[in-house]
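# Results of the structural survey
Listed below are the residues making up each chain.
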Amino acid sequence: MKIVCIGRNYRAHIEELENIRPKHPVLFIKPDTSILQKKQPFFIPHFTDEIHYEVEVMIKINRIGKHIEQEFAPKYYSQVGLGIDFTARTLQNDLKSKGLPWEKAKAFDGSALIGKWFDKNQFEDINAISFSLKKNDTVVQEGNTSQMLWKIDELISYCSKFFTLKIGDVLFTGTPSGVGPVVEGDVLKGFIKSEEAFLVKIK
Ligand code: ZN
């Protein structure tokens, strides 16, 4: 399986990183080796001392598709969740400034935290799901899927133009503003509506 990630999908986050609003969604891929094993802590990797959290709504693909029309996109997922796209930010900025690919900063082992999955029918409106991230019991990120520049069904359609989406693939749909660093000893907790979706310790 693969993880397809969307960058720059929330205006306030684009502004905080001083990025330019893209004309099309920014896509990158994390391999299956990037998945943080369940209930394991996140270990800050040796190659960086600056790791940022990015809390993101995820959807899980439940049938194979290529060139999916937006109106049919809802047939391709039945579960929604919350995860973290861990990012080695200084390394990413360095790669970005040189026009190089981001993989070393975004796709390293353990960089994808996949939290609990919820039935999408649990949510009244897929485009109005609130979510948040707490670091050591302080809310650091808050978002709502209504703030996305490209909505979930548009993203599925767009991604499937480039990558065949297969059963079990996961889409990370971008992070709202409030991204920031973690240090050893931090505890991150994610909430989708008021339900806890994950808890991870930083080591
Ligand atoms: Zn992200």
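You'll find the structure just up there.
Described in the following lines is the structure provided in the data block. (Residues numbered from 1 in each chain as written. Predicted model: local features only at pLDDT ≥ 70, side-chain atom pairs only at ≥ 80, totals over all residues. Heavy atoms only, no water.)

### Some details on empty space enclosed by the protein
What the rule picks out here adds up to 1 cavity of 30 Å³ or more. In this structure, the largest cavity occupies an estimated 110 Å³ of space. Lining the largest cavity are 17 residues, and of these Gly-7, Arg-8, His-13, Glu-54 and Lys-106 lie nearest its centre. Residue assignment for the lining of the largest cavity shows that the elements contributing at least two residues are strand S1 (2-7) and helix H2 (89-97). The leading source of residues in the lining of the largest cavity is H2, at 3 residues. Grouping the constituent residues of the lining of the largest cavity by class yields 4 nonpolar, 6 polar and 7 charged. (1 Å grid on protein atoms, 1.4 Å probe; cavity = no way out; pocket = protein on both sides within 12 Å on 5 of 7 lines; lining within 4 Å. Points joined across faces, edges and corners; volume = space filled by probe spheres on them. Helix = DSSP H or I, 4+ residues; strand = E, 2+ residues; numbered from the N terminus. Nonpolar A, V, L, I, M, F, W, Y, C, P; charged D, E, K, R; others polar.)

### A look at the packing of aromatic side chains
For the coordinates displayed, the defined rule picks out 8 aromatic pairs. For the cation-ring pair, Arg-63 lies above Tyr-76, with the distance from its terminal atom to the ring centre recorded as 4.9 Å. Just above the ring of Tyr-77 sits the side chain of Lys-120; from NZ or CZ to the centre is 4.4 Å. (Phe/Tyr/Trp six-rings, centres within 6.5 Å; stacked < 30°, edge-to-face > 60°. Lys NZ or Arg CZ within 6 Å of the ring centre and 35° of its normal.)

### Quick word on the sheet that holds strand S5 (residues 77-85)
Taking strand neighbours across the sheet as the criterion, the 6 strands line up as S2-S1-S10-S4-S5-S7 in an open arrangement whose pairing is mixed. Strand pairing shows two members of the sheet lacking a second neighbour, strand S2 (26-31) and strand S7 (112-119), which therefore form its edges. Adjacent strand axes in the sheet meet at a mean angle of 30 degrees when their direction is disregarded. Examined bridge by bridge, S5 and S7 share 6 bridges and lie antiparallel to one another. Pairing of Gly-81 across the sheet is with Trp-117, part of S7. (Pairing = 2+ DSSP bridges. Axes fitted to C-alpha atoms, helices over the stretch in contact; angles between N-to-C directions.)

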